[in-house]
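In case you want the letters, here they are:
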Amino acid sequence: MGDKKQQTRRKRIFVNDVDRYSSKHIAKFLSTCAAAETSEDGEAEETFGSSGGQPAFHVVATSSKDERASFLLEQYTSPTRDELLERLLECDVVVYNISENATQQQIEEATWALTTLQAEMENFKSRKIFILVSTVMTWAMTKPQNPDETDVLLTEEEYRRRRPHPSFKNHNNLEKLVLKLGRGKKSKLSGYVVAGGLQYGKEENLFHYFFKVSWLMQFPKVPIFGQGTNFIPTIHVYDLAGVIQNIIQLKPKSKYILAVSDSKNTLEDIVKMISDVLGPGKINNVPEQEAISMKAFKPEELEYLSINLRLDAFIIKDSFNLRWTSETGMVENMERIVEEYKDTRQLLPIKIFLVGPPAVGKTTVAEKLCSHYQIHHIKIKEVIEEKMTQLEIVNRADPEYVSEEVMAAAQKQLENMNKSMEMNAGRLADHLVFDILQEKLNSKPCSNHGFVLDGFPKTYEQAKLMFSDEDMENQDSLSKTPVYNKKITPEHVFALNASDDFLTKRVQGLSESVAEKMRYTQEEFISRLMRYKQLSDADETLLDYFDELEIHPEHIEVNTDDPEYTDVMKRITEMVGIPKNYGISSEEQDEKDRWQEEERKQKLATEAAEKKRRNEATLAEMAAQYEEWQKNLSEVKRQEYELLEAHCLPLRNYLMKYVMPSLTEAMLECCKIKPEDPVDFLCLFVAGCGDICNTVPCKLILLQFSNSLGDLWLHMWE
């Protein structure tokens, strides 16, 4: 019973640096592996589950980032050596991945982990496996045994003869250390080396540049750096993870395992196929040095792409039970690899259709949507003109570069178009329009990025002829839902609506020259508006077609003359979602950041100037108010003084007439006699001056005046 529990116990697997491309996908793959079925004798059967069922492994990992990966049981962010050793001892399998641009620090850490586990081996409670995921770059300088046999494939049996690229000698030394493990029967630590080919798949890594420039249609020809004739051993990152899964479950006798697909493709083969499936379909050889100046690759990445090896991995073909993702390599599986790349990076085309009456603003909104989502504006008139120009260029091309068949086909198509326009008063027949438009929507830029259809098709029949898929209809004739071409059919349909009065006023506000250019003269506008209304009232309308496809149109009212269409754009972008592309380039982002920084500084300067202006205005206002207050205060004081003067005038006259003569006489007398107490003398002298000085007011005045005068007198006397 205990043995059975041991067999079914989930193995704990450690993977280093899960924030890097290769380790992330290896860990993710292992976390989704189903437990291997076991037979009665406890041996693992040959068939492994890779999804569904009970998970076979608990995956833990280190990372330099705090963001936790959902597929991990535990994640350790930048642990110390002691912390890391404690975690490694808890695991059944330790996977160290140095296959992609490993730094010296990472190689030293892997070497430390290996030697430390070897030192702790006696304390292991159960056997452990150490798997080093290395790279075929340790074979880069290996030559065939017979120099004349240049087409001979190298196999694992010759691993002892391998010669590394000069930059990968440390990788090679670490491989040798791993191969020394487990030589004794009592050893509790066994080691395996997996020499992986250049990895691809999912969001891509080393080959990402070629995928990106192809998807963006950045160049008319995708550049290949160097001759491109070198053979590159490759493997899908999930197939590499499958090799590791097989090692864990099968424990093969061979300790050195090549992990490459069964393909012998050159760099040119790979890039050409990427360009054909995803990009412009053409390639261009440029000097290797330009890869650095174009910032396409780093020097260490170019070392990988310059490898020239043809390897035969017979162990994984003969002894392993791999559920291959891409056994025949990149070239043979490019269609599926491209879809995987788009899906992983969410590079999905956004397809929008705008309908509405004339002058409602379809073209303006379409241009804004194209700018926001970086997709293509499809205006039927411009598409037709572009096609005719292309055909004329082909007809005038040098026969040396264009085949006679292509020139004849272009000539015939141009003649048919001209003839149709002559017979239809300058208009092209619908079937020719549909052919041209379908070709445009199927083009790489539109299929990669997406598009906004501006006002065409206009009727139910036109939409049906344009978007229906006849091949699928024949295969699925019993389906109730109409079958349509999903590659070119819009996913979002928006009907912009507005009242006749609003549209009429908008058109009337245009200048005469603009109205003529846009066909919005009064007669033309009314005719177009009536035509739109007739089509909208038909038994089967354009919008009915999309309803039948279950692509239900969204109606948006345009009732304000906002040239930016802020509300309309807000509603559409909320329904469509975020852009699904690479966004702006690093150079464009730097320019945008610089512009935003300048705008921020300018805004701060403007705010500071405005604040200073307000402060100065406030201070000026306060100064004016203070000046006005001082002026008013002076006026009040003047008026109070005049009032007091007016009140004091009768008393002053009285004193001058009746008091001052006696007081003057008393002071003169006091000066002559010089009494000891001049104040008393003055009081007595004045008091004896008669009835005038005996009145109450006079007494009070005399008393106050005498006191003041007495003080002065004493001062003078002293």
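Residues numbered from 1 in each chain as written. Predicted model: local features only at pLDDT ≥ 70, side-chain atom pairs only at ≥ 80, totals over all residues. Heavy atoms only, no water.

## A short note on the overall build of the chain
Turning to step 1, where the next piece is worked out: Helix and strand counts for the chain come out as 27 helices and 18 strands.
Turning to step 2, where the next piece is worked out: Expressed as a percentage of its 718 residues, the buried residues of the chain come to 42%.
Turning to step 3, where the next piece is worked out: By sequence separation, contacts in the chain at least 24 residues apart represent 76% of the contacts at least 6 residues apart.
Turning to step 4, where the next piece is worked out: Per element, the accessible surface of the chain, about 41100 Å² overall, is 50% carbon and sulfur. (Helix = DSSP H or I, 4+ residues; strand = E, 2+ residues; numbered from the N terminus. Buried < 20%, exposed > 50% of the residue type's maximum accessible area, 1.4 Å probe, protein only. Contact = heavy atoms within 4.5 Å. Areas by Shrake-Rupley, 256 points an atom, 1.4 Å probe, with all protein chains shown as cover.)

## A few points about the side chain of aspartate 239
Turning to step 1, where the next piece is worked out: Relative to the helices and strands, aspartate 239 resides in helix α7 (residues 237-250).
Turning to step 2, where the next piece is worked out: At 6.5 Å, arginine 336 is the nearest oppositely charged side chain to aspartate 239, a buried residue that forms no salt bridge. (Lys, Arg positive; Asp, Glu negative; His and termini not counted. Salt bridge = Lys/Arg side-chain N within 4 Å of Asp/Glu carboxyl O.)

## Re the pairing of strand β2 (residues 57-63)
Turning to step 1, where the next piece is worked out: The buried fraction of β2 is high, at six of seven residues.
Turning to step 2, where the next piece is worked out: Bridging between strand β1 (residues 11-15) and β2 involves five bridges; their strand directions are parallel. In the strand pairing of β2, phenylalanine 14 is matched with valine 60.
Turning to step 3, where the next piece is worked out: Examined bridge by bridge, β2 and strand β3 (residues 74-77) share four bridges and lie parallel to one another. In the sheet register, alanine 61 faces β3, and the bridge partner there is glutamine 75. (Pairing = 2+ DSSP bridges.)

## What about the sheet that holds strand β11 (residues 256-259)?
Turning to step 1, where the next piece is worked out: Taken together, the seven strands give an open sheet; going across it, the order is β3-β2-β1-β4-β5-β7-β11, and neighbouring strands pair in parallel fashion. Either end of the sheet is taken by a strand with one partner, and the two such strands are β3 and β11. Between one strand axis and the next, the sheet turns by 20° as a mean value, whatever way the strands run.
Turning to step 2, where the next piece is worked out: In terms of strand pairing, strand β4 (residues 93-97) meets strand β5 (residues 128-135) through five bridges, oriented parallel. When the bridges of β5 are listed, valine 93 appears paired with isoleucine 129. (Axes fitted to C-alpha atoms, helices over the stretch in contact; angles between N-to-C directions.)

## Description of the confidence of the model for the chain
Turning to step 1, where the next piece is worked out: For the chain, mean pLDDT is 87; residues scoring 70 or higher make up 89% of the total.
Turning to step 2, where the next piece is worked out: Low confidence marks residues 39-49, where pLDDT is under 50. Its contacts with residues over four positions away, or in another chain, come to 23 contacts.
Turning to step 3, where the next piece is worked out: Confidence drops under a pLDDT of 50 for residues 713-718, and excluding neighbours within four residues, the segment shows six contacts in the predicted structure. (pLDDT = per-residue confidence, 0-100.)

## Observations regarding the nonpolar core
Turning to step 1, where the next piece is worked out: Core analysis: the biggest nonpolar cluster contains 114 residues, and Phe130, Ile131, Phe207, Phe210 and Phe211 have the highest contact counts within it.
Turning to step 2, where the next piece is worked out: At eight residues, the largest contribution of residues to this core is made by α7.
Turning to step 3, where the next piece is worked out: With residues up to four places along the chain from it excluded, the contact list for phenylalanine 211 reads Glu204, Ile274, Leu278, Met330, Met334, Ile337, Val338 and Tyr341.
Turning to step 4, where the next piece is worked out: With 34 residues, the next largest nonpolar core counts Ala410, Phe456, Ala463 and Met466 among its residues. (Core = buried A, V, L, I, M, F, W, Y, C linked by side-chain atoms within 4.5 Å.)

## Some points on the packing of aromatic side chains
Turning to step 1, where the next piece is worked out: Summed over the entire model, instances satisfying the criterion amount to 20 aromatic pairs.
Turning to step 2, where the next piece is worked out: One aromatic cluster in this structure is built from Phe353, Tyr460, Phe467, Tyr545 and Phe546.
Turning to step 3, where the next piece is worked out: Above the plane of the ring of phenylalanine 231 lies arginine 310, whose end atom (NZ or CZ) is 4.8 Å from the centre. (Phe/Tyr/Trp six-rings, centres within 6.5 Å; stacked < 30°, edge-to-face > 60°. Lys NZ or Arg CZ within 6 Å of the ring centre and 35° of its normal.)

## Examining the environment of leucine 89
Turning to step 1, where the next piece is worked out: As for its placement among the helices and strands, leucine 89 is situated in helix α3 (residues 81-89).
Turning to step 2, where the next piece is worked out: Using a relative accessible area of 32% as the deciding quantity, one classes leucine 89 as partly exposed.
Turning to step 3, where the next piece is worked out: Separated by 36 residues in the primary sequence, leucine 89 and lysine 125 have C-alpha atoms spaced 9.6 Å apart.
Turning to step 4, where the next piece is worked out: Not counting residues within four places of it along the chain, the set of residues in contact with leucine 89 comprises Leu117, Glu120, Phe124 and Lys128.

## Regarding the sheet that holds strand β16 (residues 450-454)
Turning to step 1, where the next piece is worked out: An order of β15-β16-β14-β17-β18 is seen for the five strands of this open sheet, with the pairing classed as parallel. Two strands lie at the open edges of the sheet, namely β15 (376-378) and β18 (554-557), each paired on one side alone. Put simply, the sheet's adjacent strands are angled 25° from each other on average, direction ignored.
Turning to step 2, where the next piece is worked out: Of the strands in this sheet, β14 (350-355), β17 (492-497) and β18 are in contact with helix α24 (residues 566-576), which crosses β17 at around 160°.

## Concerning the packing of helix α13 (residues 362-373) against α24
Turning to step 1, where the next piece is worked out: Viewed as axis vectors pointing N to C, α13 and α24 meet at an angle of 45°, and their least axial separation amounts to 11 Å. By the angle class used here, α13 and α24 are oblique. The element α13 and its partner α24 pack so that their crossing is right-handed. Contact with α13, carried on its side by Val365, Lys368, Leu369, His372 and Tyr373, involves Val568, Met569, Ile572, Thr573 and Val576 of α24 and no other residues of that element.
Turning to step 2, where the next piece is worked out: Tallied by class, residues from the contact of α13 with α24 come to seven nonpolar, two polar and one charged. (Parallel < 35°, antiparallel > 145°, perpendicular 65-115°, else oblique. Left-handed = near helix turned anticlockwise from the far one by under 90°. Nonpolar A, V, L, I, M, F, W, Y, C, P; charged D, E, K, R; others polar.)

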